[in-house]
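Single-letter residue listing:
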Amino acid sequence: MSQVLNIPPIVKETAEPGDQASRRAFLVSAGAAGLCYTAALAYPIYRYLASPEEMESSATAVTEVTLKDAQKIPSGSVLMFKFGTAPAMLIHHEDGRWIALTAVCTHLGCTVQYEPQADRIHCGCHGGVYNAYTGANVSGPPPKPLKLFKVAVNETGVNVSRT
Ligand code: FES
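In this report, we go over the structure that sits alongside the text. (Residues numbered from 1 in each chain as written. Predicted model: local features only at pLDDT ≥ 70, side-chain atom pairs only at ≥ 80, totals over all residues.)

1. What to know about unusual backbone geometry
- With phi around 65 degrees, Asp69 is a residue other than glycine that occupies positive phi space.
- Looking at where Asp69 falls in the secondary structure, it is placed in the loop between β1 (64-68) and β2 (77-83).
- Residue Asp69 is classed as exposed on the basis of its 11 C-beta neighbours within 10 Å.
- At Asp119, a residue that is not glycine, the phi angle is positive and equals roughly 50 degrees.
- By the secondary structure assignment, Asp119 is in the loop between β5 (113-115) and β6 (120-122).
- On the basis of neighbour counts, which here come to 15 C-beta atoms within 10 Å, the residue Asp119 falls in the partly exposed class. (Helix = DSSP H or I, 4+ residues; strand = E, 2+ residues; numbered from the N terminus. Buried ≥ 20, exposed ≤ 12 C-beta atoms within 10 Å, placed from the backbone.)

2. Section: the pairing of strand β3 (residues 86-92)
- Within β3, five of the seven residues are buried, leaving the element largely enclosed by the surrounding structure.
- Both β2 and β3 contribute to a ladder of seven bridges, which runs antiparallel. Looking at the pairing, Ser77 lines up with His92 of β3.
- In this antiparallel pair of consecutive strands, β2 and β3, the connection spans two residues, and Gly84 shows a positive phi of 70 degrees.
- Across five bridges, the pairing between β3 and strand β4 (residues 98-102) is antiparallel. Directly across from His92, in β4, lies its bridge partner Trp98.
- Here β3 folds back onto β4, and the loop between the two strands holds five residues, one of which, Gly96, carries a positive phi near 95 degrees. (Pairing = 2+ DSSP bridges.)

3. A few points about the pairing of β4
- Most of β4 is tucked away: four of the five residues are buried.
- In this structure, β4 lies alongside strand β9 (residues 148-153), joined through two bridges in antiparallel fashion. When the bridges of β9 are listed, Leu101 appears paired with Leu148.

Written out as structure tokens, the structure reads:
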């Protein structure tokens, strides 16, 4: 007596050519998205960890700034502006002299302020005081003077440049 077995045939599954192409496209686009995401995360970290020398070189890349209509600021007042990436100040003193200095405290880098009533530059972070004409560190913790810039006043504005 013979017995007939009913066994289903073994079918080997193969991917269609279109399936492989769409899988490859998906992997390529996922890889590109991953690279973009990594770059978006890495850049702020790089900026945070950049050495002071790199930050200084980018801050000193700009050598001259023209402040349009700044010649009109009244005496006894100050104009804060950006010199490259760093804050700076242009002081028009009561005696008519124009002084431009960096506004970055040499102690720990806070932005300093001009105080016209005392005619001095003050850092609110730790009480550092600078001379408003020379930038010399007068009292408090700042170890170095503020950097002076060269000033040229004309009828259209004030030109500030590194000396
Ligand atoms: S940061 Fe200016 S006195 Fe400390």
